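# Structural description and commentary
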Amino acid sequence: MDNTLYDYSPIVSRPKLTWPDGARVAFYAGLNIEHYEVDKPSTSIFPGTAALAPDPLNYGWRDYALRVGIWRLIETLDRFKLPATVLLNSDCCRLYPQVIEAGRERGWAWLAHGKNNSIFQAGMTVDEERAYLADVVGTIAEATGQDVRGWLGPALTETFETPRLLRELGLTYLLDWCADDQPFPLNIPGMISVPYSIELNDVTMFLGKSLTGEQFYQMVVDQFDQLYADGEQTGRVMALCLHPFIINQPFRHKYLVKALEYIAGHEGVWLTTADEIAAYYADQ
């Protein structure tokens, strides 16, 4: 079957996209705040124990994120006055209230990212998924005091009904379809896609490719340089996708700081959130 969620639109045929103050690049940091169930396999640094329950090696490694890593990351985001775009599992609202409070104090943008990173919607009926999504979105809105506008599926998963069901709940954009350097409309009135990145993503870079910190830094700079050059003709979006149990390990963290310093040091960059990108694009 063909994809009917969105139409083909070559970037060279679109009207010029302009960002506030003539910025070439709209940059956001996608901060994954996630919970993993202790008895299910998930993202692992050592696959040999991933099927065990419990799996202290991999679970503990992931649990570093909200115990230590995120606080190191928050300090860096504050330094660059960069608001976080939070991809939030709704279970985190109950389990990690100090993290939610830190984000509320800073005015973060909160996107729904499923209930936790151990549950995907695959196989749900429409009614099951509708109830599931309503619970996720409602929990996040209540805990953060903010209407939820965006969605990223756990492991970027959806059903064919997910975008329509999210629109019913008042959401206006998705990050799951990493198909473009600009936002684009979906064939669901009121819904758009905002760029995310499966490659400029610390899971892919460090677990999938075993990159060093220096290589991570160079890839971020190379991505930015190309988008910044392209942005002279029409605006682009750059997403940097982060998991605090990976990028904020002590031996890697300095390379993130170095990369953000490089990006923030350029004129013509809009340091923003996915919420603001979606809203600005929709207004245009």
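Looking at an unreviewed UniProt entry, one finds the protein chain named Chitooligosaccharide deacetylase, with Lutimaribacter pacificus as its source organism. Database annotation for the protein chain, UniProt heading Function (unreviewed entry): "Is involved in generating a small heat-stable compound (Nod), an acylated oligomer of N-acetylglucosamine, that stimulates mitosis in various plant protoplasts." If you open the UniProt record of the protein chain and go to Sequence similarities (unreviewed entry), you find "Belongs to the polysaccharide deacetylase family."

## So, the packing of helix 1 (residues 56-79) against helix 8 (residues 250-264)
Close contact between helix 1 and helix 8 brings their axes to 11 Å; oriented N to C, the two are set at 25°. Here helix 8 runs roughly parallel to helix 1, going by the angle between their axes. Our pair here, helix 1 against helix 8, has a crossing hand that is right-handed. Where helix 1 approaches helix 8, its residues Tyr64, Arg72, Leu73, Thr76 and Arg79 are matched on the opposing element by Pro250, His253, Leu256, Val257, Leu260 and Glu261. When the residues that make up the contact of helix 1 with helix 8 are grouped by side-chain class, the tally is six nonpolar, two polar and three charged.

## Section: helix 1
For helix 1, which comprises 24 residues, the first-to-last C-alpha distance of 34 Å matches the rise-based estimate of 34 Å (1.5 Å per residue) to within 8%. Immediately downstream of helix 1, the backbone of Lys81 shows phi near 55°, a positive value.

Conventions used here
- Residues numbered from 1 in each chain as written.
- Predicted model: local features only at pLDDT ≥ 70, side-chain atom pairs only at ≥ 80, totals over all residues.
- Heavy atoms only, no water.
- UniProt positions renumbered as here; feature names shortened; annotations may be inferred.
- Axes fitted to C-alpha atoms, helices over the stretch in contact; angles between N-to-C directions.
- Helix = DSSP H or I, 4+ residues; strand = E, 2+ residues; numbered from the N terminus.
- Parallel < 35°, antiparallel > 145°, perpendicular 65-115°, else oblique.
- Left-handed = near helix turned anticlockwise from the far one by under 90°.
- Contact = heavy atoms within 4.5 Å.
- Nonpolar A, V, L, I, M, F, W, Y, C, P; charged D, E, K, R; others polar.
- Expected span 1.5 Å × (residues − 1).

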